[in-house]
Each structure stands twice: as structure tokens, then as C-alpha cells.
Number of protein chains: 4
Amino acid sequence: MFQSIRHSQWFSNLTTAIIIGYAIVLGIKTSDSLTGSFDFLWFYLDLAITLYFLFEVVVKISVDRSEYFKDRWNIFDFLIISITLIPISESEFMMIARLMRLFRVLRLFQSRPELKNIIDMLISAIPSIIDIVILMFIIFYVYGIVGSFLFGSLPSGLWDNLFISMLTLFRILTFEDWTDVMYEAMELNSLYWIYFVSFIIITAFVFFNLFVAVIIGEMENLRDKSSGSTLNVLGEKVDNENSKIQKLESEISEMKAMLKELVERERRGES
Amino acid sequence: MFQSIRHSQWFSNLTTAIIIGYAIVLGIKTSDSLTGSFDFLWFYLDLAITLYFLFEVVVKISVDRSEYFKDRWNIFDFLIISITLIPISESEFMMIARLMRLFRVLRLFQSRPELKNIIDMLISAIPSIIDIVILMFIIFYVYGIVGSFLFGSLPSGLWDNLFISMLTLFRILTFEDWTDVMYEAMELNSLYWIYFVSFIIITAFVFFNLFVAVIIGEMENLRDKSSGSTLNVLGEKVDNENSKIQKLESEISEMKAMLKELVERERRGES
Amino acid sequence: MFQSIRHSQWFSNLTTAIIIGYAIVLGIKTSDSLTGSFDFLWFYLDLAITLYFLFEVVVKISVDRSEYFKDRWNIFDFLIISITLIPISESEFMMIARLMRLFRVLRLFQSRPELKNIIDMLISAIPSIIDIVILMFIIFYVYGIVGSFLFGSLPSGLWDNLFISMLTLFRILTFEDWTDVMYEAMELNSLYWIYFVSFIIITAFVFFNLFVAVIIGEMENLRDKSSGSTLNVLGEKVDNENSKIQKLESEISEMKAMLKELVERERRGES
Amino acid sequence: MFQSIRHSQWFSNLTTAIIIGYAIVLGIKTSDSLTGSFDFLWFYLDLAITLYFLFEVVVKISVDRSEYFKDRWNIFDFLIISITLIPISESEFMMIARLMRLFRVLRLFQSRPELKNIIDMLISAIPSIIDIVILMFIIFYVYGIVGSFLFGSLPSGLWDNLFISMLTLFRILTFEDWTDVMYEAMELNSLYWIYFVSFIIITAFVFFNLFVAVIIGEMENLRDKSSGSTLNVLGEKVDNENSKIQKLESEISEMKAMLKELVERERRGES
């Protein structure tokens, strides 16, 4: 019975519908005025969804068995549903665990191929990005330490330790009120603008480079594919020509053999 | 008579002139000091323009009849003029209805072909953009719900419900005082910076991807066109060669036949 | 005598040196503490530079005559020097007129060819940019009028008339505290966020498009040039082949003629 | 003995480990609460690292001798270590000198080839960037002087001298609260918005151009390489064809010689 349920279209559609429905209900729940008195109903709805998701996992595992954990999406689902089942009393973690379910919405990506293409492109850009992330981390780390030592005593508390310094540097990277941070630091020493201006120029430059690297990378892929198609037609024509010339060669060598015979006979005939 | 009016150049020029004139008059009207006492004149001007636009629509429909509604620009005009005619007393809606007419300025796009090219390019980028919009909406929705639940109690009221949360997220996307929002949230829990930094990195990454996708898409179009032109010249040359080689083949096979005849005759002659 | 001065290298070098020196002196003059008591000296320096520039123009015109005004840089110089000579007493305009001379620094662009390339690229991007500017102006104009009518009564005075509204829209375009402007407007009607969010999305989209258009345009130029070079080598090889095949054709047709002669002789000999 | 140490793998690994360890320890040191009482330990650690770095330099120089200073990384190391050894009492400079060591982390770039590629790309973009920097400097300089003269008297002190003006212009370039600066200046003269808006448009335009120039430059490199690979295959095929045709030519000329002999013999035979 589980087998027929597992592979039926309506089962997968129902799961999708419940996920979307859950997302919509959660969205409505955010405006307290609307849902104030429905907390009782909400409790049962939440329970029902938990049970349905549990049922879904049980059905899938009992049918697919060891195959189940070979699909990355299934592992993703399993982890999220497991987290929801952990009985945690502290309300905040409980809530976050419950909100984790929302990420099942990302499953919708599977059904729309265009979205998958975008994700694929993002994934193909990851190698260039990892290097940039390493580079950025080193820059943030060095500037973070220098910043902590130079500005750690400032009353704003933006440079209290390495971690907070790195968060402040991220803020500077987004140009968010970075001059306030700089003007405060410049009260210690009027040369400290060098720290901020150099950081902005270096990181802007690195990001800029990331951008160019990804575009060039995509371009290379595109070129390989396209030159494959347009030049191949030409290549075939040239190959075609080559084989014709080869035929000519064999015909001409046959003719040459015949001519040789003629010439020899003539010579013999004369002598 | 309507027919000759409808297809005359001055009629379409007059309409354009009235639209531009209307836009200029409205622009002048925005500085109250200049127009304070002309409200009386303004009333008649407004009436005259309403009547002219009505006259224009009547002329066009009476001539083109069912053809009229096949042009998207005509439907656009018809709707705007209809809205202006609805007698609405409430001043604010009245004003907005009247301002709707301004959008007829967009008609000018038709007359300048370069502007049309830009619009066409924008339209050709829409498929990539729709996918990004779906992706962005999912990200905004999930982050909006999580934000509402986590920060809904904050006094700034920036996370009161899902909609306001999504507007706040749009603000964060533009880096507009996002650290103020973050620092307020971090008073609840110092780990909440993860929410903001992850949102900025993810959305920046998605937008970045949109950008690359559109450039690559345009590149592909360009390549298809251009490789068509430059490689075709080469292709023709190769085709030309191919046909010459074919002629050679036939000549050589004729020669071979003649040679065969010669050889056979010689053999016969000898025997 | 003027002729030899006009075409001598040191004359053009001296002019360049004086322009750069003037820029440096003006730069130093900005820090009042340094130059407080040198106003007397400054007066004579200013007079000397004015006279030198006047001398330069007289030399050039007396030698080049009607040719002088055919170079755009000369017209530019002539206008700036003429403005400086107008005796204007009001100090502010006097100062601006004097600062105009600074723009002669732009002359340095002529001497460095790489900088000229950049300027050329900027100029070649102008056609795409003009269309975008027209499009942006229409968007700013329509949004400016709507903004003036909707928010004209707000106490911040950011929408007082069409011009100020357009300046405010430019500010929103740079994301500069745009939420402050929006939150103020939303106190009138909570739906007014649509005005701001739509403006940001539309203008960002148009700028984005400008960017893509220019890159694609440059790409097209590049492609035309480069496909000219790499494909030409191949094209030459194919042409080379073509001419060889043509030689083969003529040789083979000669051979055919000879064969025909042989065959006919044999036939005659037999009969 | 030094020779075996110098070329052993563990020596270079140990140096890398000490550099990374030093960076981590410095990072921990930034949070004062953790390290308050360890200043004594820290003193000895610092001494140990100074001695190790000194030892490393001595080993390398004693083995490589004059070769040592031919590698740019070695010069970089040598300078940093020399600075650390200068006995400077003033605590702030002491600290900065010590922090300089952190830049040895950049050595890690050598070990990861992908990072080296990124650095190479950055370096290859430098020619385009130098021109832009010159252009930007001229724009900043001219706008800085004009700004100092026009707004030098403003109470905010953002235009006090040329240098501060240029820092303020950098701030405007990042859109950081630039409207505050503009609104202050517009109190002097309501036309001064032209200064700010023109500066933003010009610099945005120049940066935009830098971006396009670098992408196009990289594209050109890519094209040269790739057209080298895909077209070469075709080129080889065509070359191959060319040599076959050459063989045909020689065969045909041999055949022609034989035919000529035949024809001459026949003619002689007849006469």
C-alpha cells in the first residue's frame, strides 16, 4: 500500500500543497491582530502538519529504504523533520525549530527547471567565489586585528574584539554610515583615515575582481559550447573536402599507373 | 471627415503637443507660488484637455472600429481616458486619476526607435528576471516570517507583520541604515547578526547572478548573429572550393576513361 | 618671431608647467593657515598668470589665424581666458571665473594616449547613454510631478516643487536615507510605499540596462575587430588553397587536351 | 647544517604554522577579557616569535646569499622583520610595527595556485586602473579646490582644506550621507546642488567605464587564447588539405610530363 502512495502524483502534490499552505498560514500569523484568539486552532494545525510530515518520511523510507538517503533533498527533509520532533521546552528554540520547516519551500525549485538553471549557475560560480571568500577572510582578519588594537578603546564599542571589529568592517563594506566610524577614529589620530579608505578601496577592488572572474568564467563555458556548434559545421565541410581530395589522389595514382604502362609500351614498341 | 482627420499628420502631432504641453503645465503647477491665483484658468484648461482627449478617442474609434482595440497603446489610452471621465468627488482619487494622464507621455517612446530598442532589450531580459523575482520572493517571504517571529516585539515596529517585515528587508537590501535595524535586533540576542549578514550576502549573490545571467543571455544572442556573418564568408569560400574540387573530380574521371581506352587499344594493337 | 615661439617645444611645456603649478598653488591656498599673510603675493601671481595666458592666446592666434578656432581645445582655452579677463567686481563670481582656469588641467589628457583611449570609450558610449538619459528624464519628470502633488504638503519641504522633487528623487536613486523620506510620506497614506519601491526598482532596472547595453556595444566592436584578425589567417589559407586548386584545374585541362589528341591519333591510326 | 634546514619541507611548514598561529593568538588577544592576566606570557611569546623570524631570515640569507634578495617575497619578509627589530619605545608605533608581521599571512597566497590566479588577474587589470586613478585624481583635485573655495567657511569643517575636501568627496562617492553635505552647502546658494550632482554623475560614469574597460580587456585576452585553440583545429585541417593538394600538384605535373612524352613520340612516329 505504501508503495502505491509513495509513487502516486497526488502524494507529492499534497506534500507541496501542505508546505505552501503552511507558509501562507505562517505569513498570516505574523499579523497578531488577525490571529489573536486562534492560538488553540493553531496548536492543532501545527500538530497535524508535524504528523503529516512524519507520515511522509515514514512512507518514503519504508519504500525507498537505503535509496532514500542518497538524495540530498531527502536528507535535507529528514534533518528538518527530525529537528521539529525534538521536544524542546524553551520557547525561542522551539519557534526557530518550527520555522526551519519553512525551508522546505525551497523544494519548489525542483519543479521549475529555469530556477534549477539559476541554482546551477550559482553553483558553477562557487569555485571562483571560494577563493574570493578566503581572500576576503584574510583581509577582514588582518584589518579586524589592526582595528581592534587601534580603536579598541573607543566609546562606541564597535571595535571591542576581533569578531565585533569584523562585523563593523562588514558594515563599512556596505558603506553604511562608515564616515561616522571613521570620524570617531580620526579623533585619536588624524591619519587613521588611511585605514578606512584603504579598506574600502581594497575590498571594492576584490569584489570587483570576483565579478569579472565569474563573468569571464561563464563566457568561457559559453564560448566552448558555441564554438563547438558554429565551427563544427565549417569543420565538417573541410573534412568533407579532405575526403574528396583523398578520392582524387587515388584516382590520379590509378591514372598515373596507366600512363606509365602506356609510356613503357611505347618505348618497347619503338625499340 | 473623421477619416481625413484620423490619418492626418497634424492630428497625431497635435495630440503629442497637447500631451507634452499638459506635462509642462503640470510641472509648472507644482510650484504653488507661481500659480496661486490661476486655479480658475486651470479648471478650464483641465476641462479642455479632457474634452480633447475624449474627442481624440471618439475620432479614432469611429474610424478604426474593431481595429482600434487591437493596438495595445490604444487600449492603454482608452483606459486612462475612461478613468479620467469617472466623476469622483473625493479630491485625492480625483487628483491621482488626473495624474494618470501623464503616463500618456510614454507614447513618445513610439516615435524614437533607439528608445524602442532599449525597451526591447528590457523585455528580452524579462525571462531571466521572472525567475530571479520568484527566487527573491521566496527568500523575502521566508526571511520576512522569521523576522516577524524573532523581532516582532521590537519597539521600532519594523517587524510588526509579514508585509512590514518584507518592506524592512527591502530597505536592508538597499543598505539603507541597515545597521540600526541590526543593532536593535542584537539587543534581544547577540547572535541575530547572522540573520542580517546572511540575508545581505544571499540577496547580493542572487542579484549578482541576475546580472551575469542577463549579460550572458545578451552575449548568446550577439554571438548567434555575429558568428552567422563572419563565419559565413569563410563557409562560402569552403563551399566554393568544394564545388571546384567536384569539377576536378568529373574532369579526372573523364580523363581516366580516355586513358583506359588508350591502354586497351595499345593492348589490342600489340596482341 | 612669434612663429618660432609658437612651434617650439619649450613654449608648450612652459604652458603645461604653469597650468600644473597654478593647480598646485591653488591647492596649497585652500589651507588658510599656510597662506594667511601672502595675499599680497597671491595678487601678483594671479596677475602674472592672467598675463601669461593672454600672451599665449595672442601668440597662437597671430600665428595660426583662422586655423586657431578649428581646434576644439583652442576654443575651450579662448573661452576660459576671456571669462577671466572680464572685470567683475562681485567677489563670488570673480572667484568662480578664476577657478575656471583649473579646467585647463584637462589639457593634460592630450599628452597621455591611454587617457585619450578612456575618453574615446566614454564618448563611444554616449549614444546608449543619451537614450537612457531621455528615459530617465521622463521617469523623473512623471514621478516628480506625482510626488509634488502627493507629498507637497509635507513639512520636510522635500517635495515643494517639481525641481526639488526631482532632486529628492535623485537622492532616493542613490539610496541616501530614502527610508526617512518614505516613512514621512507613509504617514499620509500607508500605501505610498508603492511610489518609492516602484521608483527604485524601475530606475535600478533602467541603469542596469544601460550597463548591459554599453558592455554589449563594446563587445560588438571588439568582435568585429578580432574576428577580422583570427579568421583572416584561416581565410587566407583557404584562399591560398583556392588558387592552388585553380592551378590544378588549368593543368588538368591541358592534360585532357593532350589526352584527347592521343586518343584521336590512335583512332585515326587504327582506321 | 643550515643548508639542510633551509630546503627541508618541515622548515617552511613550521614558518607557515607559526605565522598562522601568531595571527590566531593576536585575534584572541583582541578580546581583553580573555587575556587580561596573560600579559606576562604574551611578552615571552612575542619575543619567541621575533627570535624565530630572525633565525629564519639568517638561515635563508646564509644559504641563498645574493639570490635571497631576488625574490620579492623575501624582500617583503626582510623589511617586515627589520621593522620589528627597531627598538622603539613609543607604544603606538611599537604596536603598529608588531602588527606589520600579520601581513606575512599574505605568504599563504603562494601555496594556493587559485589565489595566485586571482592576484594575477588583479595585476593584469592594473594598467586600465592606473589611467582611471589619474583621471579620478584630476577630478578629485579640481572638485576639491572648487569645494574648498566655495564651502570652506561652512561650520561642519568638511571643506577646511584641499585634503579634507578630497576626503569629503570620497565620502560623497560612496553616497554616505552626501545629502547632508549638499543641504548644508545649498544654504549658501541654492544652485550648489549642481556641484554635488555633477560630481556624482561624473565619477559614477568614470568608475563605470573602468569596469567596462577591465571586462573588455579580460575578454580580449580570453578571445586570443580561445580562438587559438578552437580555430587551430580547423587551421590544421586546412593545412593538412593544403599539403595533400601540393602532393596532387606534383603527381599531376609528373603525369603531364609523361603525357608530353607520349604525344611527342606519337608525332614523331607519324611523321
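Residues numbered from 1 in each chain as written. Chains lettered and ligands numbered in written order. Predicted model: local features only at pLDDT ≥ 70, side-chain atom pairs only at ≥ 80, totals over all residues. Heavy atoms only, no water.

Participant: Go over the relation of the copies chain C and chain D, please, and point to the residues and values.
Facilitator: When chain C is fitted to chain D, the residual RMSD is 0.4 Å, and the transformation amounts to a turn of 90 degrees plus an axial shift of 0.3 Å. Such values leave the two copies arranged in the relation of a four-fold axis. (Least-squares fit on C-alpha atoms with pLDDT ≥ 70 in both.)

Participant: I'd love a proper account of the environment of Ile-129 of chain B, names of residues and values included.
Facilitator: Mapped onto the fold, Ile-129 of chain B is located in helix H8 (residues 126–151). Since its relative accessible area comes to 13%, Ile-129 of chain B is described here as buried. In this structure, the C-alpha to C-alpha distance between Ile-129 of chain B and Tyr-52 of chain B, residues 77 residues apart in sequence, is 39 Å. Excluding residues within four positions of it along the chain, Ile-129 of chain B makes contact with Leu-210 of chain B together with Phe-205 of chain C. (Helix = DSSP H or I, 4+ residues; strand = E, 2+ residues; numbered from the N terminus. Buried < 20%, exposed > 50% of the residue type's maximum accessible area, 1.4 Å probe, protein only. Contact = heavy atoms within 4.5 Å.)

Participant: Tell me about the environment of Ala-23 of chain B, residues and numbers included.
Facilitator: Relative to the assigned elements, Ala-23 of chain B resides in helix H2 (residues 9–29). Taking the relative accessible area as the measure of exposure, Ala-23 of chain B reaches 6% and is therefore buried. With 82 residues separating them along the chain, Ala-23 of chain B and Val-105 of chain B place their C-alpha atoms 7.8 Å apart. Excluding its chain neighbours within four sequence positions, the residues that come into contact with Ala-23 of chain B are Leu-102 and Val-105 of chain B together with Tyr-141 and Ile-145 of chain C.

Participant: Outline unusual backbone geometry, listing residues and values.
Facilitator: Residues and elements named next belong to chain C. Phi at Phe-175 is positive, roughly 65 degrees, even though this residue is not glycine. Among the structural elements, Phe-175 can be located in the loop between helix H10 (162–173) and helix H11 (178–186). With phi around 50 degrees, Asp-177 is a residue other than glycine that occupies positive phi space. Mapped onto the fold, Asp-177 is located in the loop between H10 and H11. Here Asp-177 falls in the buried class, since its relative accessible area comes to 10%.

Participant: So, the interface of chain D and chain A: which residues are in play, and what are the values?
Facilitator: Taken together, the contacts link 61 residues of chain D with 65 residues of chain A. Summed over both partners, the interface of chain D with chain A comes to about 5,900 Å²; 73% of that surface belongs to carbon and sulfur atoms. Put simply, chain D and chain A have six residue pairs in polar contact (both at pLDDT 80 or more) between them. Contributions of two or more residues to the side of chain D that touches chain A are made by helix H2 (9–29), helix H6 (91–100), helix H8 (113–124), helix H10 (162–173) and helix H12 (193–270) of chain D. Looking at the side of chain D that touches chain A, the element that brings in the most residues is H12 of chain D, giving 30 residues. (Buried area = accessible area lost by both parts, 1.4 Å probe. Polar contact = N/O pair within 3.5 Å; in protein donor to acceptor, adjacent residues only side chain to side chain.)

Participant: Mind laying out helix H11 (residues 178–186) of chain D, listing which residues take part and the relevant values?
Facilitator: Most of H11 of chain D sits out of view: seven of its nine residues are buried. All of the buried residues along H11 of chain D are Trp-178, Thr-179, Val-181, Met-182, Glu-184, Ala-185 and Met-186 of chain D.

Participant: If you had to explain a nonpolar patch on the surface to someone new, which residues and values would you point to?
Facilitator: Residue and element names in this part refer to chain A. Together, Phe-2, Phe-43, Tyr-44, Leu-47, Leu-51, Leu-54, Phe-55, Val-58 and Leu-85 line one region of the surface with nonpolar side chains, adding up to about 800 Å² of accessible area. Considering every element that reaches the nonpolar patch, the biggest residue donor is helix H4 (residues 39–64), with seven residues. Among the structural elements, Phe-55 can be located in helix H4. (Patch = residues over 30% accessible without salt bridge, like charges linked within 9 Å, V, L, I, M, F, W, Y side chains within 5 Å. Areas by Shrake-Rupley, 256 points an atom, 1.4 Å probe, with all protein chains shown as cover. Salt bridge = Lys/Arg side-chain N within 4 Å of Asp/Glu carboxyl O.)

Participant: Before we move on, can you summarise the environment of Thr-168 of chain B with the specific residues and values?
Facilitator: All names here are of chain B. Within the secondary structure layout, Thr-168 lies in helix H9 (residues 162–173). For Thr-168, a relative accessible area of 1% gives the class buried. Spatially, the C-alpha atom of Thr-168 lies 12 Å from that of Tyr-141, the residues being 27 residues apart in sequence. With near-sequence residues (within four places) excluded, Thr-168 lies in contact with Leu-158, Trp-159 and Val-181.

Participant: Kindly report on the packing of aromatic side chains, identifying the contributing residues and their values.
Facilitator: In this structure the tally under the stated criterion is 76 aromatic pairs over all chains. Note on Tyr-52 of chain B and Phe-55 of chain B: the rings are 6.3 Å apart at their centroids and 50 degrees apart in plane angle, and the pair reads as tilted. Taken together, the positions of Tyr-52 of chain B and Phe-55 of chain B, both in helix H4 (residues 39–64) and three residues apart, correspond to about one turn of that helix. Judged by its relative accessible area of 13%, Tyr-52 of chain B falls in the buried class. Judged by its relative accessible area of 34%, Phe-55 of chain B falls in the partly exposed class. Within the aromatic cluster, the residues linked to one another by ring pairs are Phe-140, Tyr-143, Phe-151, Trp-159, Tyr-192, Tyr-195, Phe-196 and Phe-199 of chain A. (Phe/Tyr/Trp six-rings, centres within 6.5 Å; stacked < 30°, edge-to-face > 60°.)

Participant: Would you mind going over the packing of helix H2 (residues 9–29) of chain C against helix H9 (residues 126–151) of chain D in detail, with residue names and values included?
Facilitator: Axis separation between H2 of chain C and H9 of chain D bottoms out at 9 Å; the angle between their running directions is 40 degrees. Regarding the angle of H2 of chain C to H9 of chain D, the classification is oblique. The hand of the H2 of chain C/H9 of chain D crossing is left-handed. Only Tyr-141, Ile-145 and Phe-149 of chain D of H9 of chain D make contact with H2 of chain C, whose side of the interface consists of Ala-23, Ile-24, Leu-26, Gly-27 and Lys-29 of chain C. (Axes fitted to C-alpha atoms, helices over the stretch in contact; angles between N-to-C directions. Parallel < 35°, antiparallel > 145°, perpendicular 65-115°, else oblique. Left-handed = near helix turned anticlockwise from the far one by under 90°.)

Participant: Can you tell me about the pattern of salt bridges, naming the residues and giving the values?
Facilitator: Side-chain pairs of opposite charge can arise where the charged atoms are in close proximity. Residues and elements named next belong to chain C. The tally for this structure, following the rule as stated, stands at eight salt bridges over all chains. The partner of Glu-56 in a salt bridge is Lys-60, with the nearest N and O atoms 3.2 Å apart. With Glu-56 and Lys-60 both in helix H4 (residues 39–64), this residue pair falls four residues apart, about one helical turn. The same class applies to Glu-56 as to Lys-60, namely buried.

Participant: Before we move on, could you go through the interface of chain C and chain D and cite the residues and values that matter?
Facilitator: Taken together, the contacts link 60 residues of chain C with 65 residues of chain D. A combined buried area of about 5,900 Å² lies between chain C and chain D, and 73% of that area is made up of carbon and sulfur atoms. Residue assignment for the side of chain C that touches chain D shows that the elements contributing at least two residues are H2, helix H6 (91–99), helix H8 (113–124), H10 and helix H12 (193–270) of chain C. A total of 29 residues in the side of chain C that touches chain D trace back to one element, the largest contributor, which is H12 of chain C. Class assignment of the residues belonging to the side of chain C that touches chain D gives a composition of 35 nonpolar, seven polar and 18 charged. (Nonpolar A, V, L, I, M, F, W, Y, C, P; charged D, E, K, R; others polar.)

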